[in-house]
Amino acid sequence: MPNIENNITAVQRRLQQAARDADRNPDDILLLAVSKTRTSAQVNLAHQAGINSFGENYLQEALDKIELLKSQSLDWHFIGPLQSNKTKQAAENFAWVHSVDRLKIARRLSDQRPSSMAPLNVCLQINIDDEQSKSGFTPEQAVEAAIAIAELPNLRLRGLMAIPKPGDSAAEQRLPFAQLRALQEQINSKLDNSQKLDTLSMGMSGDLEPAIYEGSTIVRVGTDIFGPREPKPSTEGLVER
Ligand SMILES: *Cc1c(COP(=O)(O)O)cnc(C)c1O
């Protein structure tokens, strides 16, 4: 069994060291524990070790855990692919959605966010390597989409998210993160002061340092906190349920 508490301490040290190297305040970077495929007991252990924010990819699995852990007042972030028939449950149960990849999804989330809740924080997922197989806005589409989504009443557009393909060297790994930061600056130059983006959701277990050097404000870490993931059984999470 991996020791979740020790792992969290080690990841926090890495985050702090990278922030120091980049002359940044480590308090400006949120460690989001990615708990997909993990049990509610494992989430509880991470919470006891100081983590309050958890990232989930599969809606039904997430809803089960949110229900089991509702007494803990955790912040839940949806980071996986979101089909339009699942937006209502996402809008009703999460504090953040990092994976908005179409205008239609953003409109539905805004329409379905209960008025009793604070606006839903969202990031636009950017297909930064322009890979055919990956979801997300292209950088060209993102500027116009951001301007439209920033106007939706029950959302708060916070920033951009990307999952770049792994690079061969540290310098190569920084490049897509630098591109994401530049895209954020470009978008901010078109938004009103009250709408400016303050979030870059980038960096995972294998590349959190280069992401922090380039301005990441949320690192999404699964493996280095909870240990290696079991392969997903058959189709779970990949198909509509
Ligand atoms: C699984 C996942 C992560 C975490 O990846 P690790 O390599 O296990 O740290 C981060 N972001 C997204 C979108 C993921 O799906």
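Rules used throughout
- Residues numbered from 1 in each chain as written.
- Predicted model: local features only at pLDDT ≥ 70, side-chain atom pairs only at ≥ 80, totals over all residues.
- Heavy atoms only, no water.
- Phe/Tyr/Trp six-rings, centres within 6.5 Å; stacked < 30°, edge-to-face > 60°.
- Helix = DSSP H or I, 4+ residues; strand = E, 2+ residues; numbered from the N terminus.
- Buried < 20%, exposed > 50% of the residue type's maximum accessible area, 1.4 Å probe, protein only.
- Salt bridge = Lys/Arg side-chain N within 4 Å of Asp/Glu carboxyl O.
- Near = heavy atom within 4 Å.
- Polar contact = N/O pair within 3.5 Å; in protein donor to acceptor, adjacent residues only side chain to side chain.
- Nonpolar A, V, L, I, M, F, W, Y, C, P; charged D, E, K, R; others polar.
- Axes fitted to C-alpha atoms, helices over the stretch in contact; angles between N-to-C directions.
- Left-handed = near helix turned anticlockwise from the far one by under 90°.
- Contact = heavy atoms within 4.5 Å.
- Pairing = 2+ DSSP bridges.
- Right-handed = clockwise from strand over helix to strand, strands pointing away.

1. Brief notes about the packing of aromatic side chains
Note on aromatic pairs: each is described by the distance of the centres and the angle between the planes. Considering all chains together, one arrives at 2 aromatic pairs under this definition. Aromatic pair Phe54 and Trp76: ring centres 5.8 Å apart, planes at 40 degrees, arrangement tilted. Taken together, the positions of Phe54 in strand E2 (residues 53-56) and Trp76 in strand E3 (residues 75-78) put the pair 22 residues apart, joining distant regions of the chain. There is no split in this pair, since Phe54 and Trp76 are both buried.

2. So, the pattern of salt bridges
Tallied over the full model, the rule gives 12 salt bridges. Glu214 is the partner of Arg174 in a salt bridge, and the nearest nitrogen-oxygen pair spans 2.8 Å. A residue pair is termed long-range when its members are at least 10 positions apart, and Arg174 in helix H7 (residues 170-188) and Glu214 in the loop between helix H8 (208-213) and strand E8 (218-221) qualify at 40 residues. In this structure, the salt-bridge partner of Arg181 is Glu214, at a minimum N-O distance of 2.5 Å.

3. Quick word on the site of the ligand
Around the ligand sit Val34, Lys36, Asn57, Ile79, Ile163, Met204, Ser205, Arg220, Val221, Gly222, Thr223 and Arg229, and that is every residue in its neighbourhood. Thr223 is positioned with one of its side-chain polar atoms (N or O) 2.5 Å from an oxygen atom of the ligand. Residues that form the shell around the ligand fall into these classes: 5 nonpolar, 4 polar and 3 charged.

4. Things to note about the packing of helix H6 (residues 139-149) against H7
Direction vectors running N to C along H6 and H7 enclose 35 degrees, while the axes themselves pass 10 Å from each other. For the pair H6 and H7, the crossing hand works out as right-handed. Facing H6, whose interface residues are Pro139, Ala142, Val143 and Ala146, H7 presents Leu183, Gln186 and Ile187. Residue classes in the contact of H6 with H7 are distributed as 6 nonpolar, 1 polar and no charged.

5. Regarding helix H5 (residues 103-112)
Residues of H5 that are buried: Ile105, Ala106, Leu109, Ser110 and Gln112. On the buried face of H5, the contacting elements are helix H4 (87-93), strand E4 (96-100), strand E5 (120-125), H6 and strand E6 (155-161).

6. Things to note about the pairing of E6
Where burial is concerned, most of E6 is hidden: 6 out of the 7 residues are buried. Summarising the sheet, E5 and E6 pair through 6 bridges and their orientation is parallel. Each bridged residue has a counterpart across the sheet, and for Val122 the counterpart in E6 is Leu157. Crossover handedness for the path E5 to H6 to E6: right-handed. Sheet analysis places E6 next to strand E7 (residues 199-201), joined by 3 bridges and oriented parallel. By the bridge assignment for E7, Met161 is matched with Ser201.

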